[in-house]
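Per-entry structural report
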Amino acid sequence: MPAEPRPGRGWLLRLVIAFAFAQGAVSMARPAVSYRALSLGADERAIGVIAGVYALLPLFAAVPLGRRTDHGRCAPLLPAGVLLIGGGCALSGTSGSLAALAAWSGVMGLGHLCFVIGAQSLVARQSAPAEQDRNFGHFTIGASLGQLVGPIAAGYLISERDGAMARTSALALLVSAAVAAVSLTSLWRIEHRGAAGSSRGAAPKVPVGSILRTRGVPAGIFISLAVLSATDILTAYLPVVGEHRGIAPATVGLLLSLRAAATIACRLVMTPVLRLVDRTALLSATCLLGGLLCAAVALPVPVRGLAVVLAVLGFCLGFGQPLSMTTVVQAAPAAARSTALALRLTGNRLGQVAAPAAAGLIAGVAGTAAPFVMLGALLVGAAGLGLRGGGADATAPGPAPSPPPPGPAPAPRPGRSPAERDSA
């Protein structure tokens with residue numbers, strides 16, 4: 001029976017658009033939640049707890065959602081995620097207590113997790129192996145666009161003049177809910193029927209421990225964790241560094257936007273770069289260079305020098321997320337790819353909780369520049385792990401076949417190639 005043709009690339013463009021709006025809503029809502037908490041009388045510790053709930057609550061749902069997606073459709077998770085994001089944003093804007101704000105922030109994080117697991121699984125399922133690097137790269141452009149525009153929009157809407165923060169932060173959260181709803185317009189018929197049907201069946205569940213022991217999976221998870229931690233801490237601590245060095249907040253915002261723009265540029269040119277450089281070598285080299293550049297942020301360089309460092313750093317970090325997705329997908333067993341992607345997202349969430357806590361501890365002891373040295377060491381470690389564990393070509397994972405018994409090999413039947421015999 002001839003194989004069903006793969007879908008065109010229209011679905012990928014619509015997925016990128018939907019992800020840009022969903023990520024833009026989250027990137028707009030997260031700083032707005034912090035300002036909303038301040039207007040309700042929260043201190044720094046309470047804001048940290050609220051931010052932690054966003055990352056911690058989805059930890060318990062990631063693997064079950066991945067299991068469900070491995071044996072069913074991906075598409076239902078996308079509108080479900082959008083509805084949770086929009087609901088969490090809107091209800092955060094109307095909440096009148098810190099406990100309620102933390103709970104709705106967790107709902108928002110759960111929605112983001114649902115959307116990302118469904119979307120990443122869809123890209124993995126509807127892309128040929130040779131297209132996965134390119135398609136994951138294009139998919140993550142949506143996230144970069146949302147991360148670029150969302151905080152700028154939140155800053156434009158929120159004002160603390162004349163005690164208006166409670167009203168303006170609520171407005172920003174309601175607008176972010178509307179932005180999330182826009183993504184629903186791009187999700188119609190986005191899952192190809194053949195791709196959806198191919199995942200169903202009675203395939204046994206692969207144990208989580210077995211997935212984590214598969215060569216390439218731990219490297220992909222750790223690289224993703226390191227790159228995301230670098231992006232998060234850079235966003236959180238560059239304003240602090242700017243304050244100590246006398247750099248205006250508007251300039252710091254431009255520097256962070258420059259980093260995001262460089263990441264988008266990286267993902268636009270990733271396909272031709274991969275024609276010249278092996279994926280494993282590219283991941284390791286960019287993590288190594290990114291680690292050195294993170295450490296360079298700790299040096300007292302002038303603003304122009306800092307802009308160059310951040311632009312090159314953003315370009316290097318842009319490779320980490322999409323290539324680590326491909327690494328995990330191609331290394332994991334075919335029946336557990338969504339679960340492996342969910343484990344990767346679990347690692348990301350753990351990094352979002354642990355890395356800022358460690359950075360805060362180090363900054364309190366050794367100064368505000370020290371977290372960037374810590375990030376440098378983390379990325380250098382990721383580069384080494386990528387070289388050791390990320391080079392397995394696991395497009396068809398599984399145990400090695402047993403050696404044939406001694407004796408003459410049976411003659412192949414005429415008219416069938418070895419590949420055809422293997423697929424029979």
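Keep in mind that this is a model prediction, so the values were computed, not measured.

Calculation rules
Residues numbered from 1 in each chain as written. Predicted model: local features only at pLDDT ≥ 70, side-chain atom pairs only at ≥ 80, totals over all residues. Heavy atoms only, no water. Helix = DSSP H or I, 4+ residues; strand = E, 2+ residues; numbered from the N terminus. Buried < 20%, exposed > 50% of the residue type's maximum accessible area, 1.4 Å probe, protein only. Contact = heavy atoms within 4.5 Å. Areas by Shrake-Rupley, 256 points an atom, 1.4 Å probe, with all protein chains shown as cover. Phe/Tyr/Trp six-rings, centres within 6.5 Å; stacked < 30°, edge-to-face > 60°. Axes fitted to C-alpha atoms, helices over the stretch in contact; angles between N-to-C directions. Parallel < 35°, antiparallel > 145°, perpendicular 65-115°, else oblique. Left-handed = near helix turned anticlockwise from the far one by under 90°. Patch = residues over 30% accessible without salt bridge, like charges linked within 9 Å, V, L, I, M, F, W, Y side chains within 5 Å. Salt bridge = Lys/Arg side-chain N within 4 Å of Asp/Glu carboxyl O. Expected span 1.5 Å × (residues − 1). Bend = angle between axes of the 7 residues up to and from the residue. Core = buried A, V, L, I, M, F, W, Y, C linked by side-chain atoms within 4.5 Å. Disulfide = S-S within 2.5 Å. Polar contact = N/O pair within 3.5 Å; in protein donor to acceptor, adjacent residues only side chain to side chain.

**Thoughts on the overall build of the chain**
When helices and strands are tallied, the chain shows 17 helices and 0 strands. Residues classed as buried in the chain amount to 50% of the 424 residues present. For the chain, the share of sequence-separated contacts (at least 6 apart) that also reach a separation of at least 24 residues comes to 85%. Of the roughly 19,200 Å² that the chain leaves accessible, carbon and sulfur atoms contribute 67%.

**Focus on unusual backbone geometry**
At R189, a residue that is not glycine, the phi angle is positive and equals roughly 45 degrees. Tracing the chain through its elements places R189 in the loop between α7 (165-182) and α8 (193-198). Judged by relative accessible area, R189 falls into the exposed class, the value being 74%.

**Side note on the packing of aromatic side chains**
Tallied over the entire structure, the rule returns 3 aromatic pairs. When the ring of F19 is compared with that of F115, the centres are 5.7 Å apart and the planes differ by 20 degrees; the resulting orientation is stacked. Placement of the pair is F19 in helix α1 (residues 10-39) and F115 in helix α5 (residues 98-126), with a sequence separation of 96 residues. Taking relative accessible area as the criterion, F19 reaches 4% and is therefore assigned buried. Owing to a relative accessible area of 1%, F115 belongs among the buried residues under this scheme.

**A word on the packing of α1 against α7**
Geometry of a packed helix pair, given as the angle between the helix axes and the separation of the axes. Interaxial distance between α1 and α7 falls to 8 Å at its minimum, and their mutual angle equals 160 degrees. Classified by the angle their axes make, α1 and α7 are roughly antiparallel. Crossing angle aside, the handedness with which α1 passes α7 is left-handed. Here F21, A25, M28, A29, A32, V33, Y35, R36, L38 and S39 of α1 lie close against α7, whose contacting residues are M165, A166, S169, A170, A172, L173, V175, S176, V179, A180 and V182.

**Regarding a nonpolar patch on the surface**
A contiguous nonpolar surface patch, about 480 Å² in accessible area, is contributed by L288, L289, L292, V308, V312 and V380. Ranked by residues supplied to the nonpolar patch, first place goes to helix α13 (residues 279-297) with 3 residues. Its location among the elements puts L289 in helix α13. By relative accessible area, which is 38% here, L289 ends up partly exposed.

**Let's talk about helix α10 (residues 217-245)**
Across its 29 residues, α10 extends 41 Å between first and last C-alpha, which sits within 8% of the 42 Å expected from 1.5 Å per residue. Along α10, the largest kink reaches about 35 degrees and is centred on Y237; proline P239 follows within four residues of it. G246, located one to two residues past α10, shows a positive phi value of around 75 degrees.

**Some thoughts on the nonpolar core**
Membership of the largest hydrophobic core comes to 57 residues, with the highest contact counts inside it found for L15, L78, I85, F115 and I190. With 13 residues, α1 is the single largest residue contributor to this core. Contact partners of L78, with chain neighbours within four places excluded, come to L15, F115, G118, A119, L122, L187 and I190. One finds V227, M270, A296 and L323 within the second-largest nonpolar core, a separate group that totals 41 residues.

**Topic: the state of the cysteines**
Per the counting criterion, the structure on display carries 0 disulfides. Between C266, a cysteine without a disulfide, and C316, which holds the nearest cysteine sulfur, the sulfur-to-sulfur distance is 8.0 Å.

**Quick notes on the side chain of R36**
Along the chain, R36 falls in helix α1. Of the residues examined, R36 reaches a relative accessible area of 11% and is grouped as buried. When residues no more than four places from it in sequence are discounted, the contact partners of R36 are S92, G93, T94, S95, L101, A166, S169, A170 and L173.

**Regarding the side chain of S324**
For S324, the position within the fold is in helix α14 (residues 303-331). Exposure remark for S324: the relative accessible area of 0% places this residue in the buried category. For S324, the side chain forms a polar contact with the side chain of R344, separated by 3.2 Å. When sequence neighbours within four positions are dropped, the list of residues in contact with S324 reads G220, I223, S224, L283 and R344.

**Some points on the environment of A29**
Within the secondary structure, A29 sits in helix α1. Taking the C-alpha atoms as reference, A29 lies 8.2 Å from P151; in sequence the two are 122 residues apart. Not counting chain neighbours up to four residues away, the residues in contact with A29 comprise C89, M108, L173 and S176.

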